[in-house]
Amino acid sequence: MNIILLGPPGAGKGTQAKVLQEHYHVGQIATGDMLRAEVKAGTKLGMAAKSIMEAGALVPDDLIIDMLAHRLSKPDCRHGFILDGFPRTVPQAEALDAMLAEQKQDLRAVILLKVDEDVLIERIAGRFSCAQCGAGYHETFQPTAKAGVCDKCGSTEFVHRPDDNPVTVKQRFTAYNQQTAPIVPYYQARNIYYEVDGMADLDDVSNAIEAVLRKVGVPAQVAEDAG
Ligand code: ADP
Ligand code: ADP
Ligand code: ZN
């Protein structure tokens, strides 16, 4: 199963992609996480992307498409993938179609998480993650079970994304509305596009996504197998 989670910054794409990855055992690909790793490692791509990300703009299509093509060739994507944060432009969507066609694969579903802007702002303001394992949290909506300790790995170090500040967030919303929203009609024109209420509680959003997946023929058993 190859699926795309679409949605504005803070919609819950990363959170839901991680849930799906555990249930369906397919590769989770978050281009934002990949870029942050490149920045941290100081690679050529990371150096090119850093200031663009800090400004809340989109990294050029050619750089992103190369990075993604490389990622899709990894073994964990053999049985499918969940894309989170890609595509973000129509040329990226077209490039993905070309890559999939070459591998005789297709997209099973493109799912938009719909969330109002005031809620997005609240979600981004309280977002933080584990510095060790990357697990994502929210100060109010998804806190750690024990204050200051990561549920997944026990680390006590956490990070806030530098681009999760009010000024950059505004730019990221603009980039989403101008450059990313046009991919909705691109997918709507095919029979693979679905919308889910992303304002609901975490578990309800997961259930709604899994209902879509059952509808498009991803066997529920796969999810249940994983418990
Ligand atoms: P969010 O969680 O807010 O949706 P991401 O972590 O997906 O943000 O992305 C963070 C930043 O990384 C973006 O603002 C952009 O600069 C860059 N980025 C991530 N994915 C892409 C992409 N597919 N195309 C261009 N830029 C990207
Ligand atoms: P995205 O990847 O789309 O930018 P995230 O998955 O990082 O968004 O979610 C943004 C923040 O909102 C995180 O702190 C996360 O814990 C929280 N969050 C995600 N989904 C929900 C939800 N359904 N209800 C409340 N908070 C949520
Ligand atoms: Zn952790």
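Residues numbered from 1 in each chain as written. Chains lettered and ligands numbered in written order. Predicted model: local features only at pLDDT ≥ 70, side-chain atom pairs only at ≥ 80, totals over all residues. Heavy atoms only, no water.

Draft legend 1. Focus on the coordination of the zinc ion (ligand 3). Around the zinc ion (ligand 3), the donor atoms from the protein are Cys130 (SG), Cys133 (SG), Cys150 (SG) and Cys153 (SG), and they sit 2.3 to 2.4 Å away. Around the zinc ion (ligand 3) sit four donor atoms; with metal-centred angles ranging over 101 to 116 degrees, the donor geometry is tetrahedral. Expressed as a motif, the donor residue spacing for the zinc ion (ligand 3) is C-x2-C-x16-C-x2-C. Taken together, the residues span a long stretch of sequence, with cysteine 133 in the loop between strand S5 (127–130) and strand S6 (136–138) and cysteine 153 in the loop between S6 and strand S7 (158–159) at a distance of 20 residues. For cysteine 133, a relative accessible area of 39% translates into the label partly exposed. (Donors = N, O, S within 2.8 Å, 3.2 Å for Na, K, Ca; no water. Tetrahedral: all angles 85-135°; square planar, octahedral: opposite > 155°, others 65-115°. Helix = DSSP H or I, 4+ residues; strand = E, 2+ residues; numbered from the N terminus. Buried < 20%, exposed > 50% of the residue type's maximum accessible area, 1.4 Å probe, protein only.)

Draft legend 2. Broad picture of the site of ligand 2. Taken together, 18 residues are adjacent to ligand 2, and Gly10, Thr15, Arg127, Tyr137 and Gln142 come closest. Note that an oxygen atom of ligand 2 is positioned 3.2 Å from one of the backbone N or O atoms of alanine 11. Measuring from an oxygen atom of ligand 2, one finds a side-chain N or O atom of glutamine 142 at 2.5 Å. Isolated, ligand 2 exposes 560 Å² of accessible area, and the fraction of that covered by the protein chains is 91%. Per-element accounting of the shell around ligand 2 gives the leading share, three residues, to helix H1 (residues 13–24). (Near = heavy atom within 4 Å. Polar contact = N/O pair within 3.5 Å; in protein donor to acceptor, adjacent residues only side chain to side chain. Areas by Shrake-Rupley, 256 points an atom, 1.4 Å probe, with all protein chains shown as cover.)

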